[in-house]
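Single-letter residue listing:
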Amino acid sequence: MIEVVGKILNPLRAGEEELLVSASKFASVPNSISLTSTAFEDGGHIPALYTVEAGDISPPLAWTHVPPATRELILLVEDYDAPFPHPLMHLLVYSIPPNSAGFAEGCLPSKHDPTERPGVLLGRNSMHHQRYDGPAPIPGHGPHHYVFELLAMAETTLFDAVPDRSAFLNAIKDKTVLATGVLTGTYER
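Residues numbered from 1 in each chain as written. Predicted model: local features only at pLDDT ≥ 70, side-chain atom pairs only at ≥ 80, totals over all residues. Heavy atoms only, no water.

Looking now at the overall build of the protein chain. Regarding its fold elements, the protein chain presents two helices and nine strands. Going from the N terminus to the C terminus, the protein chain shows its helices and strands as α-β-β-β-β-β-β-β-β-α-β. For the protein chain, whose C-alpha radius of gyration is 16 Å, the value lies close to the compact-globule estimate of 16 Å for 189 residues. Judged by the C-alpha coordinates and their principal axes, the protein chain covers about 50 × 35 × 35 Å. Here the protein chain, with 189 residues, has 45% of them falling under the buried criterion. Looking at the protein chain alone, contacts between residues at least 24 apart form 77% of all its contacts between residues at least 6 apart. Carbon and sulfur atoms provide 56% of the accessible area of the protein chain, an area that totals close to 8,900 Å². Charge-centre separation for the protein chain: the mean point of 12 positive side chains lies 4 Å from the mean point of 22 negative side chains. (Helix = DSSP H or I, 4+ residues; strand = E, 2+ residues; numbered from the N terminus. Rg over C-alpha atoms; globule rule 2.2 N^0.38 Å. Buried < 20%, exposed > 50% of the residue type's maximum accessible area, 1.4 Å probe, protein only. Contact = heavy atoms within 4.5 Å. Areas by Shrake-Rupley, 256 points an atom, 1.4 Å probe, with all protein chains shown as cover. Lys, Arg positive; Asp, Glu negative; His and termini not counted. Charge placed at Lys NZ, Arg CZ, Asp CG, Glu CD.)

The three strands are arranged β1-β3-β6 in an open sheet whose pairing can be described as antiparallel. For this open sheet the edge positions go to β1 (34–36) and β6 (102–103), each flanked by a neighbour on one side alone. Note: β1 against strand β3 (residues 61–64), three bridges, orientation antiparallel. Note that in β3 the partner of Thr36 across the bridge is Ala62. (Pairing = 2+ DSSP bridges.)

Turning next to the packing of aromatic side chains. Under the counting rule described, the total for this entry stands at three aromatic pairs. For the ring pair Phe40 and Phe148, a centre distance of 5.8 Å and an interplane angle of 45 degrees mean the geometry is tilted. With Phe40 in the loop between β1 and β2 (44–45) and Phe148 in strand β8 (residues 144–153), this pair connects stretches of sequence that are 108 residues apart. As far as the burial class goes, Phe40 and Phe148 line up, both buried. A centroid spacing of 4.9 Å and a plane angle of 75 degrees characterise the contact between Tyr94 and Phe159, whose relative ring orientation is edge-to-face. Residue Tyr94 is found in strand β5 (residues 88–96), and its partner Phe159 is found in the loop between β8 and α2 (165–172); the two are separated by 65 residues along the sequence. (Phe/Tyr/Trp six-rings, centres within 6.5 Å; stacked < 30°, edge-to-face > 60°.)

Attention shifts here to the environment of Pro135. Mapping Pro135 onto the fold places it in the loop between β7 (121–122) and β8. According to the relative accessible area criterion, Pro135 is buried, its value standing at 2%. Taking C-alpha positions, Pro135 is 9.9 Å from Pro47, a pair spaced 88 residues apart along the chain. When neighbours within four sequence positions are excluded, Pro135 is seen to be in contact with Ile46, Tyr50, Thr51, Val52, His90, Tyr146 and Tyr187.

Everything listed here is a matter of geometry and, on its own, says nothing about what the molecule does.
Here's what the structure looks like:
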């Protein structure tokens, strides 16, 4: 029955143009950070271990070519195929030190291990959790694209409360983004 709903909703998708890195603010920002994963190639299939159907743990991520003037890195994961007006945000991590080189597999809080990690500041994702929530597309809805977006910020971002997508977008609207890195994985049920 749920697959029938997925097929009915198939034409409804937020769209790639709704991604954070697709906003006009980013039109002149270089996509010069190399963002990779040993778990899947850019454009490739995300293994079930990193989805709601299995371990639901965060995949390993690595990055290079962060601009020297970077004061903070921010990582988001958005699903632009979700049948909503805006992409579903599966993860928001901010205040990442600019000299960091990535995250090891499973190092971010998840459903199975919600333990807070020292030095990791998490915003509230679209499911209202402060954790990584892996891919969980509606069965029958077709393939979904999960876009990992890394932002190099020229200044740090401060929040009065735990930010959600809207508060985050509002906080960075007047801040300088030096560069981005994008990695896309797909998943379908």
